[in-house]
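Remarks on the overall topology
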Amino acid sequence: MDLLPLFHNLRGRRCVVVGGGDVALRKLRQLIDAGAAVDVIAPDINAAIREMAEKHTLRYQQRPFAVDDITGAALVVAATNDHSVNEQVSQLAQAANIPVNVVDSPELCTVVFPSIVDRSPVQIAISSGGNAPVLARMLRTRLEGLIPAGYGKLAALAGKYRNKVKTRIDSSLARKAFWEEVFEGDIAEFVYSERLKEAEQRLEQKLKEQQDTNKVGEVYLVGGGPGDPDLLTFRALRLMQKADIVLYDRLVSKEVMALVRRDAELVYVGKTAGDHPVTQENINEKLAEYALQGKRVLRLKGGDPFIFGRGGEEIAHLAERGVPFQVVPGITAASGCASYAGIPLTHRDYAQSVRFITGHLKDHSLDLNWQDLVAPNQTLVFYMGLSGLESICKELIARGKSATTPAALVEKGATARQRVFIGDLTTLPDIVRKAEAKAPTLIIVGDVVKLHDQLAWFKG
Ligand code: SAH
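Our subject in this report is the structure included herewith. Because the structure is a prediction, the values reported are computed rather than measured. (Residues numbered from 1 in each chain as written. Predicted model: local features only at pLDDT ≥ 70, side-chain atom pairs only at ≥ 80, totals over all residues. Heavy atoms only, no water.)

A tally of helices and strands in the protein chain yields 17 helices and 17 strands. Its C-alpha atoms give the protein chain a radius of gyration of 30 Å, clearly above 23 Å, the size a compact globule of 460 residues would have. Summarising its shape, the C-alpha atoms of the protein chain cover approximately 95 × 60 × 40 Å along the three principal directions. A fraction of 62% describes how many contacts in the protein chain between residues 6 or more apart in sequence connect residues 24 or more apart. Carbon and sulfur atoms make up 52% of the accessible area of the protein chain, which amounts to about 24800 Å² in all. Looking at charge distribution, the protein chain has the averaged site of its 57 positive side-chain charges lying 2 Å from that of its 55 negative ones. (Helix = DSSP H or I, 4+ residues; strand = E, 2+ residues; numbered from the N terminus. Rg over C-alpha atoms; globule rule 2.2 N^0.38 Å. Contact = heavy atoms within 4.5 Å. Areas by Shrake-Rupley, 256 points an atom, 1.4 Å probe, with all protein chains shown as cover. Lys, Arg positive; Asp, Glu negative; His and termini not counted. Charge placed at Lys NZ, Arg CZ, Asp CG, Glu CD.)

In terms of burial, strand β17 (residues 441–445) is largely enclosed, as 5 of its 5 residues are buried. In β17, alternate side chains face the same way, and those of T441, I443 and V445 on one face and L442 and I444 on the other are all buried. Both strand β14 (residues 378–383) and β17 contribute to a ladder of 3 bridges, which runs antiparallel. Pairing of F382 across the sheet is with I443, part of β17. (Buried < 20%, exposed > 50% of the residue type's maximum accessible area, 1.4 Å probe, protein only. Pairing = 2+ DSSP bridges.)

To continue, consider the packing of helix α1 (residues 22–33) against helix α2 (residues 47–54). Two numbers describe how α1 lies on α2: the axes approach to 10 Å, and their chain directions differ by 30°. Taken together, the axes of α1 and α2 are roughly parallel relative to one another. When the axes of α1 and α2 are compared, the crossing they make is left-handed. Seen from α1, the contacting residues are L25, L28, R29 and I32; seen from α2, they are A48, I49 and M52. (Axes fitted to C-alpha atoms, helices over the stretch in contact; angles between N-to-C directions. Parallel < 35°, antiparallel > 145°, perpendicular 65-115°, else oblique. Left-handed = near helix turned anticlockwise from the far one by under 90°.)

Bringing the sheet that holds strand β13 (residues 353–358) into the picture now. What the 5 strands build is an open sheet, ordered β13-β14-β17-β15-β16; its pairing is mixed. Where the open sheet ends on each side, the last strands, each with one partner, are β13 and β16 (419–424). Each strand axis lies, on average, 20° off the axis of its neighbour in the sheet, ignoring direction. In this structure, strand β15 (residues 406–411) lies alongside β17, joined through 5 bridges in antiparallel fashion.

In short, geometric facts, not functional conclusions.
Written out as structure tokens, the structure reads:
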């Protein structure tokens, strides 16, 4: 970390701004907003600063900077267009151990002004450490759009009730859950729509209800998509940041895992083909147990939990045990890989339907309904098909599919490491073997694969 972000209490404290142009104006507006007593020192000032001086919002001293101007200041800002003056101010301030900011000269600063998203009392400060101010501002714009304007009021409401909630709800875990529900549910909505009285009534009522219940936790069965965290749903992200404990699979990428709440407990329950260190029954049981202890349990899976993910079995067990749960869909590998490989799964000219098929070999044979699979005008998508690729291709040809039917294999689709191999039912197994493709891979068979040449857009 190059810089440590701190929030500075400048209320009533003397701050010195050297310079009187537009650049100085931007900084001194922020200082005044923070309640500082601002001295502006400059031979000349612009109209806006003059007006502020006349209204006694700040004190103006009309003269060049002098050495002892900084004495006793809590913060000094140099914003003149004369580099040597800026440099002198910086050196003097540093010698006196006073924090100093020199506009647009990171090398002369001991503190920098961040981009601010202001929802007082909630504030978000963003800095790129002087490396990319435009990037920091873009991030700020995104956050501005994401965070409701009423956020500050919500924080103020929480501040008002903080002690009361603390005395009424003993357990810190329960208290955290209480506040999270306040911030995400109808109480927050009331605040955002300026219905503050109703918000307070609801909060009081909720506090009462809370005292009577001994809470059971909940399981969130969440699809983490094919790997790129940008492909998560908002809901998935929200629940990922709420969970107390996370049970996750091998297919969940580390980029996605990085978005899980930082202090959540992580439990790996991945299965590798042919080697099952944690059995499915074991996972089902763990999910129920954690939730019955009152925890919010995130069951995070690659892709979509209801597509070759055994999600159905997991929640069936929860239903039996009376554990509440919710399911959040994810982008399944077929959608993710097809999009990122430029292969539409259906197309008016080539395929009117699509099938998702498991290519996993059971006892070394593929027990599939081949007669249906060779029907024309459909796209076949095989999950878990890498080791069975050759058998799949051979079997399709043997049952009547043309040997030149286009086929693709997508390795680590929709991630930065994606590779796409194109061939047909005769050539693909060799192409893939030579390239030493590694799981996870997805096989797409059908005329739609022809479109890849024209539609591939993702460069990885
Ligand atoms: N529930 C998951 C599928 C789990 S089965 C989903 O909806 O996507 C595991 C198989 O999914 C893998 O063997 C592979 O065939 C496929 N798969 C998952 N992620 C993939 C990826 N990023 N690229 C290619 N195939 C993927």
